[in-house]
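# Tertiary structure, described
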Amino acid sequence: MSYLEEIQVKNLDHLGIVAGLIDEIGIVKIINNKLGIDVREKISAGTVVKSILINGLGFVSRPLYLFSQFFQDKAIEKLLGERIKPDYLNDDKIGRVMDELYKYGLNDIFIEVVLEVIKKFKIDLKYSHLDSTSFHLDGEYKREEDKEKQEEEKIIKERPIFIKKGYSRDHRPDLKQCVLDLITSQDGDIPLFVRVGDGNESDKAVFGKVLVEFKKQIKFDSIMVCDSALYGQENLQLIQHLKWITRVPMTIKKAKELVQNIEVEEVKDEDKEKRSDLNLESYTWKEEIVTYGGIKQTWLIVLSEKRQKSDLEKLEKQLSQEEKKSQKFLKEIQSEEFEHPQAARYKLKAINKKLRLLEIKEVELTETYSKKKEKIYKMISLIIKKDEEISRKTKEAGKFILATNLVEENKLEASEILITYKNQQSTERGFRFLKDPLFFTDSFFVEKPERIETMLFLMSLCLLIYNLGQRELRNCLKRVKKGINNQVGKVTLRPTLRWIFQCFQGIHYVILNGVKQIVNLTEERRFILSLLPASCQRYYL
């Protein structure tokens, strides 16, 4: 046997970290307990799911029909178990497991995984954040025309989703889509609850029901944080037994009046340092007790200096653009010949509908004759500013209103309400991760809506694993008070897990003359591993 025949080299890279996090959570065991193990199968359902999650966090942007190819050059037996081969992970096997997951209940499985994570890693659930996004899809989904025959929508459906056109967060209104509702913890952005909805679903119609369902599943006293889609009389009644913070839409009459008439409080000198420490030095606010939808609540009217400056600049720009546009309209209407006065005034009305801050006003309608000696009417007009509208927008600049039902018991400080709402980007970070081109969203080649729901369930598990690993790493760095170099060589206590994944590129699993070893494990990589759970370390050390 030649020397080359006695050596095997497989890539391990960062995949041992991913596999270790999956093991630490216990995902394989949970899924095998749910779906059972068939001794006739070469690979269990839980291990198939583990392989999908490793593929999803491999950041190679390979769709699932190239799935087995992903593991051709990887240390598959090290990652998934002895005697497991890449060809065990074929389309048929993956499809069967996805169907079994859907049939058992994606929500039930996800909740059990989440509860295990909360318990094992002591996730702080004081605040939870809800938001939604859409995923556009290609292909035909013929069940959509049957929607009218279905029962009124329920939160946990017994039917698959409907792939429909709707409001697109991807700015692709030409494509059909589905919607993903996501609740995350403020502590580490850990996904706590996911729900896949129909493509034309409205946030306002479902957010209240989503929160009620979440509280049934996760029985913790969490304060729910959401954007203005939650704020409506029906939703407030639905969630009156929950604790919440949300934004008040400016379409509400009371909100408009407060923003126009109330003055936020000046910051006292003794409070300036405190606000600076909280990174709130550019905010001022005033509290008001309001009853809306039959619910007593605190409204926090907030003024952001940065946003005010931005809003006023936008207002100035809008005014400048309208001045140019209105000059064009003015020339157009003054040069036109009308057959009767009503036609001139109808045209003027149509033009003014296109203007927001300016108005073209009729000065005089003169009767004259055309070159053909026909009676015509010509309008003399001028441009005036809508001072009331401009003043309203000027007063509104930089202001928004936050509401909470924590009025007397468990009353929150105004600064805490504001900081908590600013952390609403917790879910937005999750959506950016799920839609990253290096992730496997391109895998939406599946034809059945059930498979799409299952795919989003698996993607959400990937997000959970990624954010949990990042949280554990950052918490450990904070405890040891020692940072690591980031992409630009600066020491940081808050590295992204993606950067850590890049740092682990080039680690190989080598079998030389029957001896197994890991190569390229530097001191820096060993230090990083010491900060991660023991299950991750076992794949390298």
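Anyway, here's the lowdown on the structure attached to this text.

A word on the sheet that holds strand β3 (residues 176–185). Pairing is mixed across the open sheet formed by eight strands, whose spatial order is β4-β3-β2-β5-β6-β11-β8-β7. The strands lining the two open edges of the sheet, one partner per strand, are β4 (191–197) and β7 (283–292). Strand-to-strand twist across the sheet, computed as the mean angle between neighbouring axes with direction ignored, equals 20 degrees. Two elements, β3 and β4, share six bridges in a ladder whose sense is antiparallel. The partner of Val179 across the bridge, within β4, is Gly197.

A few words on the sheet that holds strand β1 (residues 7–11). The strand order β1-β14-β15 describes an open sheet built from three strands, whose pairing is antiparallel. Unpaired on one side and paired on the other, β1 and β15 (515–519) mark the two borders of the sheet. On average, each strand axis in the sheet is tilted by 20 degrees relative to the strand beside it, whichever way the strands run. Direction of pairing for strand β14 (residues 508–512) relative to β15: antiparallel, over a ladder of five bridges. Bridge pairing in β15 places Val510 opposite Gln517.

A few words on a nonpolar patch on the surface. Judged by side-chain polarity, Val363, Ile380 and Leu382 come together as a nonpolar surface patch covering roughly 240 Å² of accessible area. Mapped onto the elements of the fold, Val363 is located in strand β9 (residues 358–369).

Let's shift gears to the environment of Trp499. Looking at the secondary structure, you find Trp499 in helix α18 (residues 497–503). C-alpha separation for the pair Trp499 and Tyr102, spaced 397 residues apart in sequence, amounts to 33 Å. Once you skip the residues sitting within four places of it in the chain, Trp499 turns out to touch Asn485, Asn486 and Gln487.

On to the pattern of salt bridges, then. Using the criterion set out here, one finds 29 salt bridges in the structure. Among the salt bridges present, the one from Lys448 reaches Asp99, with a minimum N-O distance of 3.8 Å. With a gap of 349 residues between them, Lys448 in the loop between α16 (425–434) and α17 (449–480) and Asp99 in helix α6 (residues 91–104) connect regions that are remote in the sequence. For Lys120, the salt bridge goes to Glu116, with nearest N and O atoms at 4.0 Å. Of this pair, Lys120 and Glu116 both sit in helix α7 (residues 106–121), four residues apart, which is roughly one turn of the helix. The exposure class of Lys120 is partly exposed, given its relative accessible area of 38%. Overlapping salt bridges, with partners in common, bring together Asp99, Lys448 and Arg451 in one network.

What follows is about helix α1 (residues 15–25). Along α1, ten of the eleven residues are buried, which leaves the element largely enclosed by surrounding structure. When α1 is considered as a whole, its buried residues turn out to be Leu15, Gly16, Ile17, Val18, Ala19, Gly20, Leu21, Ile22, Glu24 and Ile25. Phi for Gly26, located one or two positions after α1, is positive at around 90 degrees.

Moving on, we get to the packing of aromatic side chains. Counted under the stated rule, the structure contains nine aromatic pairs. Seen from their ring centres, Phe193 and Phe214 are 5.9 Å apart, and the 70 degrees between their planes marks the pair as edge-to-face. Residue Phe193 is located in strand β4, and its partner Phe214 is located in helix α8 (residues 203–217); the two are separated by 21 residues in the primary sequence. An identical accessibility class is assigned to Phe193 and Phe214; each is buried. Summarising the aromatic geometry, the rings of Tyr466 and Phe501 are spaced 6.1 Å apart at their centres and angled 80 degrees between planes, so their arrangement reads as edge-to-face. Taken together, the residues Tyr466 in helix α17 and Phe501 in helix α18 connect sequence positions 35 residues apart. Taken as a pair, Tyr466 and Phe501 share a single burial class, namely buried. Among the aromatic residues, those joined into a ring-pair cluster are Tyr231, Trp244, Tyr292 and Trp299. The ring of Phe135 carries Lys435 above its face, with NZ or CZ at 5.2 Å from the centroid.

Moving on, we get to the packing of helix α3 (residues 45–56) against α17. In a pair of packed helices, the angle between the axes and the distance between the axes together describe the arrangement. Running from N to C, α3 and α17 point in directions that differ by 70 degrees, and their axes come no closer than 9 Å. Taken together, the axis directions place α3 and α17 in an arrangement best described as roughly perpendicular. The hand of the α3/α17 crossing is right-handed. Facing α3, whose interface residues are Val49, Ile52, Leu53 and Gly56, α17 presents Leu458, Leu461, Cys462 and Ile465. When its residues are assigned to classes, the contact of α3 with α17 shows seven nonpolar, one polar and no charged.

Rules of the game
- Residues numbered from 1 in each chain as written.
- Predicted model: local features only at pLDDT ≥ 70, side-chain atom pairs only at ≥ 80, totals over all residues.
- Heavy atoms only, no water.
- Pairing = 2+ DSSP bridges.
- Helix = DSSP H or I, 4+ residues; strand = E, 2+ residues; numbered from the N terminus.
- Axes fitted to C-alpha atoms, helices over the stretch in contact; angles between N-to-C directions.
- Patch = residues over 30% accessible without salt bridge, like charges linked within 9 Å, V, L, I, M, F, W, Y side chains within 5 Å.
- Areas by Shrake-Rupley, 256 points an atom, 1.4 Å probe, with all protein chains shown as cover.
- Salt bridge = Lys/Arg side-chain N within 4 Å of Asp/Glu carboxyl O.
- Contact = heavy atoms within 4.5 Å.
- Buried < 20%, exposed > 50% of the residue type's maximum accessible area, 1.4 Å probe, protein only.
- Phe/Tyr/Trp six-rings, centres within 6.5 Å; stacked < 30°, edge-to-face > 60°.
- Lys NZ or Arg CZ within 6 Å of the ring centre and 35° of its normal.
- Parallel < 35°, antiparallel > 145°, perpendicular 65-115°, else oblique.
- Left-handed = near helix turned anticlockwise from the far one by under 90°.
- Nonpolar A, V, L, I, M, F, W, Y, C, P; charged D, E, K, R; others polar.

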